[in-house]
Structures are given as C-alpha cells and as structure tokens.
Amino acid sequence: MSTVALESPPTLPEVHYLNADYGWRSWLFTTDHKRIAWLYLFAITFMFVVGGLSATLMRLNLIEPSGLLFEPASYNKLFTAHGLVMIFFFLTQSIPTVLGNFLIPIMIGARDVAFPKLNLLSWYIYMLGATVFIISLATGGIDTGWTLYTPLSTTYANTNVLSATMGIFIAGFSSILTGLNFIVTIHKMRAPGMTWFRLPLFIWSMYATSVIFVLAMPVIAITLALIALERVWHVGIFDPGLGGDPILFQHLFWFFGHPEVYILILPSMGVISELVAAGCRKRIFGYSFVAFSSVSIAAISFMVWGHHMFLTGQSVYAGLVFSALSFAVAIPSAVKIFNWTATMHKASVSYDTPMLYAIGFIGLFTIGGLTGLFLASMGTDVHLHDTYFVVAHFHYVMVGGAIMGYLGGLHLWWPKMTGRLYPEAWARFAALLVFVGFNLTFGPQFILGYVGMPRRYAVYPAEFQVLNVLSSAGASILAVGYVIPLIYFTWSALKGPIAGPNPWGAKGLEWTIASPPPTHNFEQTPIVTEEAYAYGPEEAHVG
Amino acid sequence: MWYGFPFHPEQASSIAPEWDYLFYFLTALTVFFSILIFGLVFYFAVKYRRREKNEVPPQNEGNLLLELGWTIIPAGICVFIFGWSSELFMRTQRAPAASTEVFVVGKQWMWKVQHPEGPREINQLHVPMGVPIKLTMTSEDVIHDFGVPAFRIKKDVVPGIYSTEWFTATKTGEYHLFCDQYCGMGHSHMRGTVVVMKPEEYERWLSGQMNVKPMAAEGERLFGQLGCNTCHPGEGKNSGPPLQGLFGSQVKLQDGKTVTADEGFIREAILGPQAVAGYPALMPTFQGQMNEEEVLDLVAYIKSLGPPAERKATKP
C-alpha cells in the first residue's frame, strides 16, 4: 500500500459570511458587500424571469403572421416590457451589482467597499424603482418601446408612461451610487502593493463601467424628467405641436443610450478576461492593451450616439463623424478578441463550464461586433435600420456577449460565493444549450432583417413566417438552457459538494481565502507582491 | 445567381445592386473573421487542452508587434468600409435635379400620398419605372419611417419638418412599403404597396384618376379661402412680401439670417412665421388650422408661382 495519504476532502469553514449571522434583519440591514451581492442576485433574477417571460410570449405570438396570441396593443406592451426590464433592471445591474459587489473588495484586498451603507442604500433604491416599475406593468403596462421616442411617449401614448419612467428614473440613482462607490473603492481601498497594473482586468472593466454610470445615468434621469414635464404640464420640449423638437429627445436619449450599451458589455468583457485566464492558467496576452481598450471604449462610447440617428434627417456631415467614431470604437473591441484568442495559444485549456462560456462569448461577440459594422456604415444602415438585423446584432452583443459573460462569471465564482460545487455535467450541457439555442434564435433574425422585416411588428407579411418560426423554435431551446442553471444552482447552494478555497487552481486574491469567505474577507490585510495572473512555474493547487 | 436564393430581398431600384455589393462585402468579411476566430479558438482548445489537473503552461507577456498588427489592420479595413459606405450614403441623400416629385404624409396609422398632378392615394404609391422619384415627407403626429426593402431605401418621417428620399425603380411590380419606426398601436398595420409601372401605363393611370385638381390648384383655392391674398396679392408692394418667384430664392430675415426658400422654409413660414427683412411682423400663425396635406397644397401653389430668376429684388 502506498504511504502517501489521500488528500482529505475539503470542508466548509466553521464561520463564514453566510452563517456569521442569522435572521432576516441580518440580510435586509447588512452592509457586507457579499450579502448585498446576494440581495441583488435574487432581485435581478426575478426581473430576468419577468423580462424572459415577456420575450417568450413575444416569440410565441410571432409564430403566426397574424399573431398567435395577442392583439398588437398587448404585443407592443410585451416588447416594451421586455426591453425596459432587461436593459434597466437586469443587464445594467447584472455583473456590476452581483459579481462586482462580491468581488471588487476581495480582488483588491479590501474588507468592503468604500461606503458600505451607501451600497445597501443603492439596493433599496433599486428595489423601490423596480417595485414602482412592476406595479406600472401590472396596472396596464407601457407601449412606447424601450426607446421612449417622442412625441409618441409624451403626447400620443395613453399607457402608463409616467409610472414606468418613474421606476427607471429611481433605479438610475442606484446605479449612480454604485458607480461612485466602486470608483472610490478602486482608488482608495487597494491593498499595499496592489498597483494599477497588478489589478485583475475585471477591476479595470468595472472601473470603466463605473465612470459611465456616473456620467451617463444623470442624462437619462434628466431626459425622463423632461418627458414628465411635457406629458403632465405640456411644456413644449419635444412635441412639434407644442413648439418642441422630437429629434432633441433622440440626441439626449442616445447620449445616454450608447454609453449604456457599454455599461452592459464592458463588465462582461472583464469577466471573460478572468474566465480565460483561469481556464487557461495563463496571464492574459497583452494585459495592458486589454486594460486600455476598456478605458478607450468607455471614452469613445460618449461620442457615437448619432449612429442611431442616420435616418432622422440629421446633417450628413454629422453622420460622417458619428460613423467614423463608431468604427473607431470597434477597434478596441477587436483588440480584446484577438488577445483572448492569443491567450489560448500554448495554454492549458480547461473544458470546465466557465471556460465553455468564455469560448462561447468570444465566438458570439465576434459575430455581434462584426455585424455592428453593417450598422456603423451609413450606406448599409439605410436598409437595415429598424429591422430585425438590428435586433439580431444587439442580441448577439447583449445576450451572446453580456449574458454569456454573466453566466460564465456566476459559474466561475459560484464555489467562492457558496462554498459549494454545481454538477459539472449538467452545467456543461446547459452551456451547450444556451449556445445552440441562442444561435438558432438570433441567427435567422439577421436574414429576416436583410429581407426587410421591421422590428416591433405584431403582425407581418406571410413570407417572413419560416424564419420567425425557426427563431421561436430556437428560443425554446434557449429558455431550457436558462432554466437548468436555475435548478442546479439552487440544489448546489443547499446540497452541492464542498468546493474548497480554489477549485480551479486559479490565481487572484479571491482564491487565497476560504470559500465562502469570512465576513471581513481577509484575516489580515494582504501584501501584494505579484501581478494578478502570476501563474507558474510551480504546479497549480486545486481544491 | 442570387435571384434563386430564397432569403434575398428583391432588387428593384438603381441603388439596390450597389447596396447589395457593399452588403456582400461586409458579409464576406464577417464570415471570414468569424471562421478565423472560431477556428483558432477551437484549434487551441483541442491542441492545448488541459492534460493534467495541476499543469501550468509556460507564460508569456504578449507581443507588441502582434498588438500593433491587429490594431492597424482592422483600422485599415474600417477606413476602407467607411469610405465606401459613406460615398454610397451621400448619393442616396441627394435627389437628382430632374426628379418627379411625390408628397407623403404619415399619420397614425396610414400613409397618405399626393401626386402634384392631383391623384391622392392611401397606403399605395404608384410610380413610373426608370424615372427618379423624390419623396417629400412629413408626419401629422409621431415619427414614422418610410421604407421600401426592394429599393433599399428608408427615411424617418418626422413631424414638424420635411424629410426627403429618392429612388429610381428598375423593375415593374408591387413592393412592400413598411413603416419602420415604431409609431404606436397600429405600427405593424402601417404598411402599403409601391406599384412600379411602365411610364406609359403610369400616364394612363394618372389620367384615369377622375375629378382631381392638381395640388397647386387646390393650394390656390386654400390661398384664397384662408385670406392669404389679402397681404400677399399678386401685384404691388403690400404688408406681406410678394410670393412670385419666392421658391428657391434667398430670403433675408428680420434677424439678419439668410435662408433658402425651399419647401421646409415655406412650411415654417406658414405655421410659425418669422418676419422677412423690410416687412412688419404681422403674419399670424396657421398652426393647428390646417393639416399637413393642406400645407403641402399651399407649398405646391407657391412653388408654381415662378422660378427665382424673376425675383432679384429680394436677394441680399
């Protein structure tokens, strides 16, 4: 018999942040960034289900050219609810408030964020906004489309525009406070030795996102307030009938709106850098280029809003500038893709679920990014504008990109958050379903847009039916891919096998502490002497 | 060869084939880079798969030359696409001088079309083949968008301003007309048909429309009915500037600005008048007293009052 003792199976630490305190007060009045992450996780998962169900009903309705289930009035409310919920109440929060809240202090070696009480306040503000919004939906809904274009939203719509925008208005302040909190945390709370260029790339992307939170969210707040002014007091701002300018609204909305889409994708890019590094056990190729590309994306994102408005009659010369800058913002995204791919060269590529999501992201985001060129080009945008091509493009970025990153991140850090593992085989299967279902759902929509089907159509000419049915079939696979993780994560949190501090053999401060971490994260402030991805030359320690 | 492809929109305008070339180029580019990235990712994932639980691969720092390469090459490609697509776009924005004019008013949820010769249509647009057609469009309420996939054209139809788009149809037939900008409850019903006819058939169709007054004649009637001729009579100096030869001329406003009197200016001048230099600001607004179709009729009447050459006096 061998004398080498078998490694003893990992055990949960006796006291950790989840069991340090009990009772509902210990959760609802917590200032622990890790518990607040859980509060957000529950809230946004609920909102994701609301947004997902409305998408499911939309896809069902589109099986028939004349509409399978709903009158146009109801269908219009469904796509408006889907867009507003997913953008303002799920994607905006997803990675920053769940993974960001949980990880930023740990990754930089801090006990908590800079302003823990403000952090809790952010959650309450979000909950207030979400509650107002859900009540607005439940009492009739809103039918303006998520873009809320005027004068439709200010003068002509007779649905719950005021209460719904009120919900969004409130929730925006939660994001501003979160952004502020993260910026100060990253500047002031880094452990000794944690220099800017030793930071994990996730922190760089969260920093860039936080800056956009603080700069862009006030703009949408002002814009929504102007809608209320015109709707309630008939102050002529946007409605030409009252002396206003409807295009002014689009300038304001997209000045917020385009940075907003980078709020959604930048955090995901940060997560992918972590997934690729951990999945390859390798330093990210061209670290500083990836870090600076996040910052330059954030900067340029404020100067491209006019590419949503090529066909509004805006000056063609303004259009030229916006088109050129839109191409410019594509380049740092391409740089990231190439660097992630290069990281896999001569790596040790794991087939664990997080890496599968990373690989899926790289592929889908490549397609999402390249199809963006069709829309940044003014010539091609003329025909593709406001068709399903646009819908397909931004879902490749928002779902294929942002949600794949969020799910991948959840899978990587789930063992850290709960101390437990999930069933790997089920998780890989679900990742595969998400990838296949996603492509079946949104791939046909590129062709639908090319042949001319406008977006936001409740009924459509019969020749578009085949592609719509294909898309709906794909959506059913995608839905199953989303439900499975919901089930196994629940099981894992209660009964999953114990993970140990570092189940992936990954580098980074978060993997040096127990899973789940103690309330104060580190027993003593860590002294950082190496960069984030200091793999090798010695073997990795798994478990 | 693409005509047999089931997922291809019809090519029925002069711009459509050119549009499609650019689209095919971008599609080829997308396919090429997607296959490149997918291929590399899968190749690396298989070749460098983790073979032992604890293995750590050799590390490297990155490579400046590669970074520069994959920044500069995509940038070069982007500059090329930008040039190509912008040139195409600029051409789609400028209607040829000799275009046949048609006027469009969008309204929740229908398209109203007016031909200068008089015929009016709803959710239909009859046009002759081979002739450049210029649409001047506005909306009665919210923002709509006039898109014809077979022509690869699309333009927002915005209340309060005139927007224009143009096309030359190259194939007879009936084509979808879609409202592409979400405009409220009936958005997906705001559809119509563009009927492209041979020029001689089109002439027959035009003359076959019974009892219609040309737009300018209808405008003249409104001009009298609304009392415009009190201040803008045909002859002599009066409290309002003369309108003969106004269209296309340069007008100096009271505030010192000089503007070209195009359709949009005339519309503005009727609905929200700004005093013209040398005349008292007496004109009342007609906002709310007439609909966009009537405004278009008046514009057509004023346009019919002669070319700018006869009107040197107002030039600054």
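Heads up: these notes are all about the structure in this document. As the structure is a computational prediction, the values presented were derived from the model and not from experiment.

Each helix and strand counted, chain A has 15 helices and zero strands in total. Over its C-alpha trace chain A gives a radius of gyration of 23 Å, about what one expects of a compact globule, namely 24 Å for 543 residues. Along the longest, intermediate and shortest principal axes, the C-alpha atoms of chain A span 85 × 45 × 45 Å. The 543 residues of chain A split such that 62% are buried. Contacts in chain A between residues far apart in sequence, at least 24 positions, make up 84% of those at least 6 positions apart.

Time to look at the overall build of chain B. Counting its secondary structure elements, chain B contains seven helices and twelve strands. Relative to the globule expectation of 20 Å for 316 residues, the C-alpha radius of gyration of chain B, 27 Å, shows a markedly less compact shape. Taken along the three principal axes of its C-alpha coordinates, chain B extends 95 × 50 × 40 Å. A buried classification covers 37% of the 316 residues belonging to chain B. Across chain B, the fraction of contacts at a sequence separation of at least 24, relative to all contacts at a separation of at least 6, is 69%.

By size, the foremost hydrophobic cluster in this structure holds 249 residues, and its most contacted members are Ile203 of chain A together with Val104 of chain B. Here this core gets 21 residues from one element, more than from any other, and that element is helix α8 (residues 246–280) of chain A.

So, about the interface of chain A and chain B. Counting residues at the interface gives 79 residues for chain A, matched by 72 residues for chain B. If one sorts the elements of the side of chain A that touches chain B by residue count, helix α10 (residues 316–343) of chain A sits on top with 13 residues.

Let's shift gears to the pairing of strand β10 (residues 191–197) of chain B. Residue and element names in this part refer to chain B. When strand β4 (residues 124–128) meets β10, the two strands line up parallel, connected through five bridges. For Leu125, the partnering residue across the bridge sits in β10 and is Val194. Of the pairings in the sheet, the one linking strand β9 (residues 173–179) to β10 comprises six bridges and is antiparallel in character. Bridge pairing in β10 places Tyr175 opposite Val194.

A word on the pairing of strand β6 (residues 144–148) of chain B. All names here are of chain B. Judged by how many residues are buried, β6 sits mostly within the fold: five of five residues are covered. Of the two faces of β6, the one carrying His144, Phe146 and Val148 and the one carrying Asp145 and Gly147 are both buried. With five bridges connecting them, β6 and strand β7 (residues 153–157) associate as antiparallel partners. By the bridge assignment for β7, Phe146 is matched with Lys155. Counted along the chain from β6 to the antiparallel partner β7, the turn is four residues long, and its residue Arg152 has a positive phi close to 55°.

Residue and element names in this part refer to chain B. Compared with an ideal rise of 1.5 Å per residue, which puts twelve residues at 16 Å, helix α7 (residues 292–303) spans 16 Å between its outermost C-alpha atoms and is within 8% of the ideal. In terms of burial, α7 is a largely internal element, ten of the twelve residues being buried. Residues of α7 that are buried include every one of Glu292, Val295, Leu296, Asp297, Leu298, Val299, Ala300, Tyr301, Ile302 and Lys303, and no others. In the core, the buried residues of α7 are packed alongside β1 (100–107), β2 (110–114), β5 (132–139), α4 (215–225) and α6 (263–271).

So, on to the sheet that holds β2 of chain B. All names here are of chain B. A sheet is described by the order of its strands in space; here five strands give the open sequence β3-β2-β1-β5-β8, paired in mixed fashion. Looking at the sheet topology across the chains shown, the edges are occupied by β3 (120–122) and β8 (163–168). Adjacent strand axes in the sheet meet at a mean angle of 25°, parallel and antiparallel pairs treated alike. As paired elements, β1 and β2 share five bridges and run antiparallel to each other. Looking at β2, one finds that Lys107 is bridged to Met110.

Moving on: the packing of α8 of chain A against helix α11 (residues 353–376) of chain A. Residue and element names in this part refer to chain A. Closest axis-to-axis distance for the α8/α11 pair is 9 Å, and the angle between their directions is 125°. Taken together, the axes of α8 and α11 are oblique relative to one another. When you trace α8 past α11, the crossing you get is left-handed. Counted together, Ile272, Leu275, Val276, Ala278 and Gly279 of α8 and Pro354, Met355, Tyr357, Ala358 and Phe361 of α11 form the full contact between these two elements.

Scoring rules and cut-offs
- Residues numbered from 1 in each chain as written.
- Chains lettered and ligands numbered in written order.
- Predicted model: local features only at pLDDT ≥ 70, side-chain atom pairs only at ≥ 80, totals over all residues.
- Helix = DSSP H or I, 4+ residues; strand = E, 2+ residues; numbered from the N terminus.
- Rg over C-alpha atoms; globule rule 2.2 N^0.38 Å.
- Buried ≥ 20, exposed ≤ 12 C-beta atoms within 10 Å, placed from the backbone.
- Contact = placed C-beta atoms within 7 Å.
- Core = buried A, V, L, I, M, F, W, Y, C linked by C-beta atoms within 7 Å.
- Pairing = 2+ DSSP bridges.
- Expected span 1.5 Å × (residues − 1).
- Axes fitted to C-alpha atoms, helices over the stretch in contact; angles between N-to-C directions.
- Parallel < 35°, antiparallel > 145°, perpendicular 65-115°, else oblique.
- Left-handed = near helix turned anticlockwise from the far one by under 90°.

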